Structure formats: C-alpha cells, structure tokens
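Okay, here's what each chain looks like letter by letter:
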Amino acid sequence: MKLESKSPEGPLAEKWTKHKFNLKLVNPANKRKYEIIVVGTGLAGASAAASLGELGYNVKAFCFQDSPRRAHSIAAQGGINAAKNYQNDGDSIYRLFYDTIKGGDYRAREANVYRLAEVSVNIIDQCVAQGVPFAREYGGLLANRSFGGAQVSRTFYARGQTGQQLLLGAYSALNRQIANGKVKMYNRTEMLDVVVVDGKARGIVTRDLITGKIEAHSAHAVLLCTGGYGNVFYLSTNAKGSNVTAAWRAHKKGALFANPCFTQIHPTCIPVSGDHQSKLTLMSESLRNDGRVWVPKVAVKGLKAKDAKSIAEADRDYFLERKYPSFGNLVPRDVASRNGKMMCDEGRGVGATGLAVFLDFADAIKRDGRDVISAKYGNLFDMYKQITGDDPYEMPMMIFPAVHYTMGGLWVDYNLMTSVPGLYALGEANFSDHGANRLGASALMQGLADGYFVIPYTIGDYLAGIGWNDKVSTDHPVFKEAIDTVNSRVQKLLSIKGKKTVDEFHRELGLTLWEYCGMSRNDAGLKIAKKKIQELRTEFWQNVDVVGSANELNMELEKAGRVADFLELGELMVDDALDRKESCGCHFREESQTTDGEALRIDNDYTYSSAWEYKGENQPEELHKEELKFENVKLTQRSYK
Amino acid sequence: MKITLKVWRQKSKDAKGEFKTYQHDHVSSDMSFLEMMDVLNTQLIKKGEDPIHFDHDCREGICGMCSMYINGQPHGPLQTTTCQLHMRTFKDGETITVEPWRAQAFPVIKDLVVDRSAFDRIQQAGGYVNVNTGGVPDANVIPISKKIADEAFDAAACIGCGACVAACKNASAMLFVSAKVSQFALLPQGHAERKERVEKMVEQMDTEGFGSCTNTRACEAECPKAISVANIARMNREYFSAMVSSYEVKVGGGE
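Everything quoted here is computed from the prediction, not taken from an experiment.

Some details on the overall build of chain A
A tally of regular secondary structure across chain A gives 17 helices and 22 strands. Taken over the C-alpha trace, chain A has a radius of gyration of 24 Å; the compact-globule value for 641 residues is 26 Å, and the two agree within 12%. With respect to the three principal axes, the spread of C-alpha positions in chain A is 75 × 60 × 50 Å. Sorting the 641 residues of chain A into buried and exposed places 66% on the buried side. Counting only contacts in chain A whose residues sit at least 6 apart along the sequence, the fraction spanning at least 24 positions is 74%. With an accessible surface of roughly 22000 Å², chain A has 50% of that area assigned to carbon and sulfur atoms.

Below is the structure:
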C-alpha cells in the first residue's frame, strides 16, 4: 500500500487556496441527491453535519449520548487559538503554524498544520456570528490570553468553559439543520461497524442503545468524528463513554491507524484517591503560573497536604525550578509530567498513595494577597476543594499526571480521507495536525477547522468523482453480513458468563499501559506489556461477565464491546512505541535521552508518521511509513534548561 | 462508611417501577456519588443481578448527563451535579433515596435514566442564529459591552441537565428555555430573530407537556450552574413584546 498524503505542491501559503480551486464541485441541485453519515457530534461532528446540511447534502448524524450536546468537547476548559493578531503582538498565520509544528516536535505534516493556522481566523468569526459569548474587554472587543508553547496572546476563551460554548454553538447550527430536515439525528445510537463494498465506504451498522436493535445505514460517504482513545488507560480525563470503537472497527475494515503511541499526559490533575476512582479531573495548567511544584527532599510516608507546613523550606525539593531554572514550573506538559512521576518513582511522592506532588500557592498568596489569587483561580480552587475536601488557600494542592488527549488516530490524507475511499476522520479521531504533542487550546481549533472549513470543500471532490448514483442499498449482501457479524459479537459477549466484570478487565489493561506505555517507555517494559495485553485479551473472551440481554438498555454490554476494542488497540500502541526508538514529544523512550536525561529525537531515522495496517485477528500489523518533509521549518531540539 | 440506599428500579418505559433497598458497606468518603453507585453495581453484577442504570458521561460537572434525584432534591443536597457530589456530604449509617427525574415530559427509559429529548426539540424550534458556515463578518466588527457579554455567558452556562424541571412542582422548563432565549436576546447576533425565536421556543415547550411557572424559584435554588430566574423574567418580557408586535404586524397588513 502506498501512502499518498495528497499535500498540494507549491508555496506553503498558497497550498490550500490552490487545492480548493482544483477540487471538483458538486452542483447545488445535485447535492440533495447525496447522503452523508456523520458519526459523533462533538466539535468536529456537529460542525461538519451542520455545514454539510447547509450546503444541501442529506446528512444522518449519530451519537451514543442522549443528546449531541453531551459530546466530550464540552469539557474543554482553556480556550481556542486563532491567528487573529488582535493584540498587535506579532502573531500571524505563519507563527501559529510554526508554534504548532514545533510544539508537535516535528512529527506532523507541514501542509496540514499550515491550513489549520490559516482557517483558525474564520473559526472565531463563525462562532461569534452564532452567538458564542466569548470573553470581551471593556471596549467591547474580544479578549485574548496566552497559553503554553506560545509567546503571543492568541487564545480566545469563554471563562473556563470554552469547549462548552463552542460545542453549544455547533449544536445550535446542527439543530437548525435538524429543524430544516437536512440532518436526521440519531441519539443513543452507537456505531458498531463500517460497511465497505468494492473498496469504498458505503455505510455503517449501528445499535439502538435503548431497544438493542441492530440496523444498517447506507450513504455515499462516512465521516468518523468520534474523538480520541485516551480511555484505553481506564483512568483519563475523558468522559466515561469516550471510546475507540468506531475508529477501531474502521481500522479493521482497512483504514490505517497512525501514531497510536502518541498520547498526551497532562501534569496537573487531581490524583487517584482509591480503587473506586472512575475518572480523573483536570486542573487547568494555568495554575503553574503561580503554583510551585515540590516534594520533600527525603521521603515522608503518607504525607498529607495539611501537614505540608511541617516540612521546613530547606527540606523541600522544588524539582522543576531546580532542574529547569529558565522555565521553572512552566516547562511543557510532557516535561512536567515526567518529572513528577520520577519523584514518585523515587518514593518521594506525597499523599496516602504516594502518587502525587504538591502544587503550592503559599508564596503566591503571601506575595499577591489572597484576593488576587482568588480572582485568577477562584473557580479552580473551589472545584479542587469540592472534589478532595482540601482547601488550597490553606494547604498545597496535590496533583498527578493523567492521560488527556491522543494525538494518534486514523491516518488521513490532506482531504481528511482515510485509506478507505469515502471514509473520513475528523477532529481528535484523526492523527493529522498535532504531531507528537498537542499545544494547549489547539484541540478545539482543529475540531472546528475540520468540520466547518475543510470537509465541506474536500468531500465534494470525492462525491463529484463517484457520482450520485454510485450508492449501495442496505439490501446488499455485504450489509446483511455486517449486521450478522455485529449481532453474533453481541451474542458472544453475553454468552461468556465468566467471573470478571468488564471494568476489572478495563482497569487491568489501563494499569499495564500506564506502567509500560505511559510517561516513559523502554524496550523491555513494552515487551512485557505486549505479552500481558495478549493474555488479558484471551482471558477477556473466556472469562468476562456481561449481565443483562441484548434487547434492552444494557450499559454493561456497551462497555464490553468498547473494552474488547481497547484490548486490541492497546497492543498496537505498544507495537508503535516499540518501533519508535527515539524520544519525541509525548513519547519518551528511555533508550533515547541526552546525557542530562532529556528527550532525544532522532531525525535521521524517525522523521515519519507510522501508519499501521490491520492484517487479521491476532496477526501482527504491517507498518507503513509516511515520510515527513520539512520545506519551511528547520528541525531543532527542544531545551527548557 | 455504611449506607442504605433506596433506589427506583424500573425495567423499561412501560414497566411498573418500585423502590429497592440496598445495603452498601464499602463506601469511602472520598468517593463521588456515582463512584459509590459504580461499586454497588459491581457487587450486583457479581451476584448476577442487573446493575442500576443511570446516565453519566463527563463526570466533571459540565456535560449535563447525570441526573439523580437524591433525598428529594435534584443532584442531591449541594448545588452541584450528581457527579460532583461526594459521599463526605452524607453521614455514616444514613439512608439515601435515589429516584429519576420525575416529569411527564421526561419519561423514564430504565431505572434512573430518563428521556430528555424534549429539550433538544425546544432548541431545534429556535435556539440558534440563522447563519450558514462562512460569509460572516469579522468577529470584532460588532463590539459587545463586557457587561452584556458576561450576562449572556451566565445564561449560556446552562448544561441542559433538567434539574430545573425535576425541582419544579409543576415540572416547568422555563429556566432552561429562558436561558437560551436570554443569551440570544442579549447578544446583538440574536436580535434579528428574537421575536420569532421566543414564540417558537415557548410554543414547543408547551407542546412537550412541561408545566407552567408559578415563581417558586425552586429551579434557581437547585440549578447546578446557578442560572438566575431573572432569565425567566426576561423571557416573559421578550414573549409579551413579541406577541404584541406580531399582532401589530398582522393588523397593519404586514405579512
């Protein structure tokens, strides 16, 4: 299989414009003859479904939640980047492009990243026109703030709920098309397979989560906007329902899966409090502007936050300030996370579990006063107190890294099409724009760029190429076969009646990945993980207990299907991490570090995106490499000393 | 901690429901309410029983999916979502009663899961600005005073969980609907359609079978996002103004 990125030729700044002109168009009268399926209704899915409906296509949209408004995009806190340069501080499309590709440690495609920066300005205009209440200055113009990895203020925000407001904007546009009859919405419906006929994606198979009915839907094209796979770790900042199933089933039908080992771990989350823990809550990284990160110099077993004061100043190790004097507590996410874990591995972690470090505001409160700190972080302090019962005004917070975002995903070309013609992946579900590490406030930007401003252009090229009469009905034997396969899988899960719950398997998988394929990875550990995951997967299919029946709302059954897919994905993540023997971005290979213990990229051997091809049950996947060419930026090593 | 739970169990929409009592002896005060339910469910599964179904997703208080009526209050005793309620709020040995949202317009699907699609249909009736993607003016063309933008945000912060309906003795959806109406009535982008919008959304609200507002303010008291009843007052003003001027248009021979 040859990977064609379809990146246009020509100067960087003209690529997208030229490409748009070269794309075939579907005439307005013919658009209504096409049907498009959109799976997932987060930022990417809702914006795509709405925009395609506006153009005149007939859209069917699906989400597993009770309403499209629940998609996990809603939980994004910080903001959305755009190269508006409203602050007159030297921002430009090129600078946003440069920051993003550098932040991704040079493992993303130049043309895609530039386009993302280019359309970022349109996103803000669009959202404001929809009535998104962004933060404003007293003069009435839009406010900005700065975020990690950038030296300009280009982040637009709506208090700490930017994702919510952007999603509700896209949801309102989607609702408008539902009311207009151009989008048919299927809530509480989960996609369980992609149907491929004659090498093209022709539709999907779904399960109605309330009645259990398995159904086929056909269309001219299928868009997967199904988010990331961070929940493979069991504990993450993702919503409980977030899963890889749609993307994974597409992978098994021929779509290549790219850079699966690139998972972002966020340094400032509330630590695990016990075995009952079901998810991890993020505390905005802005806290590191004023909070100082430390652990005791000598291990103190079970040190509680309220007893932190008993550790004298001289006995504290402000390890980030010590190791990175120029960036201090503001080193990038991956560096902060890794160092926090290192302290805990040395046994110097704090709290009942020893898996936490302190984030201390005492000095900031002494310096600026409680009111100033409260104005900056009041809502975060309240949230922290609500969850932990500790008051951060009186004692340090305890934080620990948590899985937050996945840069890897389905491989797509410049048109966002996967390696299966007619099958697209948008937003976090694809791999395209963030390389080996995503900068803050870029996820919202990418989801909306893909949905509002990329897919409406690129899909026309494919549709015009195949013609509106090139559609396969759900009566086709391949659809029937797909329904049977999904049905028998459901029956199989229910019939095992083993001894372990779905969550027990999921937790075990998560611990294995966290231990061996988390913040730092090495050859021996990854090989252990591979074996453990294989064994766990075998055990799952012999010993899982899924109660209830197929023809009702059965949340255990839903979870079982998703965990079964995670058990396969987990092994591919490990394979990918084994292959990439360099450190880059989020991926720290212990074998590849500088003499002072920092990540060492190996550009000569690893300047490629890994794209894995499924070869059948329990067969090793085949690696395809998309070589990354950098014509506009010079590759440099990051340093934060 | 040890607690006793009285939980509403109902197999399906049309099945007869009943309270079932569960003894839960493995509760940590650090657990969230939903984690306490997870642990109980694991015990039920181990005994071969059907776990208690409840809606949840983000577990950080923003998606609006979780929806338990705990000891007679939506989302329990604190003004927060169920997922952000922790067991340290309760006493050791306490008996806790858990029900689904109770409203005609929110039929029970199973156990504690209800159908809130009525909310989606109200939004579809007019909860948007009629703009297509592309072709919009620069974001800074229309200045909006910070005060107005902040007030619009306060209304837009609604998470659509339905606690307002569950709290109301009339099962009224006025707080939910008025939050969206207010957001667009405040922002200039919503002005062109403000009259049609409020008329359509109120009409859909009535069609769905929500009750009337009698100003008890229970909705505001229970709202996890502190949406103010001032929005209801604003919606009433918008609605009267729309009705009056629509009438004038018709008398004047407009459309």
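Thoughts on the domain arrangement of chain B
Residues and elements named next belong to chain B. Segmenting chain B into domains produces domain 1 (3–110) and domain 2 (116–251). Between the C-alpha centres of domain 1 and domain 2 there is a distance of 30 Å. Between domain 1 and domain 2, the contact holds 21 residues from the first and 22 residues from the second. Contact between domain 1 and domain 2 buries roughly 1500 Å² in total, counting both sides, with carbon and sulfur atoms accounting for 58%. Across the contact surface, domain 1 and domain 2 share 1 salt bridge. Between R116 and D55 there is a salt bridge whose closest N-O contact spans 3.6 Å. Along the contact surface separating domain 1 from domain 2 lie 8 residue pairs in polar contact (both at pLDDT 80 or more). Taken together, the residues of the side of domain 1 that touches domain 2 sort by class into 10 nonpolar, 10 polar and 1 charged.

Describing the interface of chain B and chain A
If you look at the interface, chain B gives 72 residues, while chain A gives 76 residues. For the pair chain B and chain A, the two sides together bury roughly 6100 Å², of which 52% comes from carbon and sulfur. Across the contact surface, chain B and chain A share 8 salt bridges. Residues D55 of chain B and R188 of chain A are paired through a salt bridge, measuring 2.7 Å at the closest nitrogen-oxygen approach. Taken together, the links from chain B to chain A amount to 46 residue pairs in polar contact (both at pLDDT 80 or more). Contributing elements (two or more residues each) for the side of chain B that touches chain A: α1 (33–46), β6 (108–110), β7 (113–114), α2 (117–126), α3 (146–156) and α5 (174–186) of chain B. Of all the elements, α3 of chain B adds the most residues to the side of chain B that touches chain A, at 7 residues. A class-by-class count of the residues in the side of chain B that touches chain A yields 33 nonpolar, 20 polar and 19 charged.

Digging into the sheet that holds strand β5 (residues 153–156) of chain A
All names here are of chain A. Strands sit in the order β3-β5-β4 across an open sheet of 3 strands; the sheet is antiparallel. For this open sheet the edge positions go to β3 (80–81) and β4 (145–146), each flanked by a neighbour on one side alone. Judged from the 2 bridges that link them, β3 and β5 form a sheet pairing that is antiparallel. Opposite N81, over in β5, you have T155 as the bridge partner.

Re the nonpolar core
Formed by 198 residues in total, the largest nonpolar core has its most connected members in I80, F134, L223, Y424 and I459 of chain A together with F210 of chain B. Dropping the residues within four chain positions of it, I459 of chain A is found in contact with I36, L52, Y57, A221, L223 and Y424 of chain A. Counting residues in each nonpolar core, the second largest holds 41 residues, with A336, L380, M383 and Y640 of chain A among its members.

Comments concerning the environment of E285 of chain A
Residues and elements named next belong to chain A. Position of E285 relative to the elements: it lies in the loop between β12 (263–269) and β13 (292–296). Take E285: its relative accessible area is 14%, and that puts it in the buried class. Considered as a pair, E285 and K559 are 274 residues apart in the sequence and their alpha carbons are 31 Å apart. In this view, E285 contacts G148, H266, T268 and R333; residues no more than four positions away in its chain are not counted.

Quick word on the confidence of the model for chain B
With 96% of its residues at a pLDDT of 70 or more, chain B has an overall mean of 95. Within the model, pLDDT remains below 50 along residues 251–255 of chain B, and this stretch shows 2 contacts once partners closer than five positions in the same chain are excluded.

Analysis parameters
Along each chain, the written sequence defines residue order, and numbers are assigned to residues from 1. Working convention: letters from A go to chains and numbers from 1 go to ligands, in the order in which they are written. The predicted nature of this model means local features are confined to residues of pLDDT at least 70 and side-chain atom pairs, given and counted, to a pLDDT of 80 or more, with totals for whole chains, interfaces and linings taken over all residues. Heavy atoms from the whole structure form the basis of all side-chain values; hydrogens and water molecules are not counted. Secondary structure is summarised from DSSP: a helix means a run of H or I of at least four residues, a strand means a run of E of at least two, and numbering begins at the N terminus for each. Atoms counted for the radius of gyration: C-alpha only. Globule rule: 2.2 Å times the number of residues to the power 0.38. Classification of residues uses two cut-offs on accessible area relative to the type maximum, computed with a 1.4 Å probe and protein chains only: under 20% is buried, over 50% is exposed, and between them is partly exposed. Contacts: residue pairs with any heavy atoms within 4.5 Å of one another. All accessibility values rest on the Shrake-Rupley procedure with a 1.4 Å probe; residue burial counts only the protein chains present in the view. For the purposes of this description, domain bounds are those given by an automatic or database domain assignment. Defined here as a combined quantity, buried area equals the accessible surface (1.4 Å probe) lost by two parts on assembly, summed across both. Throughout this description, the term salt bridge denotes a Lys or Arg side-chain nitrogen within 4 Å of a carboxyl oxygen of Asp or Glu. Any pair of N or O atoms that falls within 3.5 Å is considered a polar contact. Within protein, one atom must be able to donate a hydrogen and the other to accept it, and sequence-neighbouring residues count only if both atoms are side-chain atoms. All residues other than Ala, Val, Leu, Ile, Met, Phe, Trp, Tyr, Cys, Pro, Asp, Glu, Lys and Arg, Gly among them, are scored as polar; the first ten of these are nonpolar and the last four charged. Strand pairing is assigned whenever DSSP detects at least two bridges linking the two strands. Only buried Ala, Val, Leu, Ile, Met, Phe, Trp, Tyr and Cys residues count toward a nonpolar core, and they belong to the same one when joined by side-chain atoms within 4.5 Å. Note: pLDDT gives the predictor's confidence per residue, expressed from 0 to 100.

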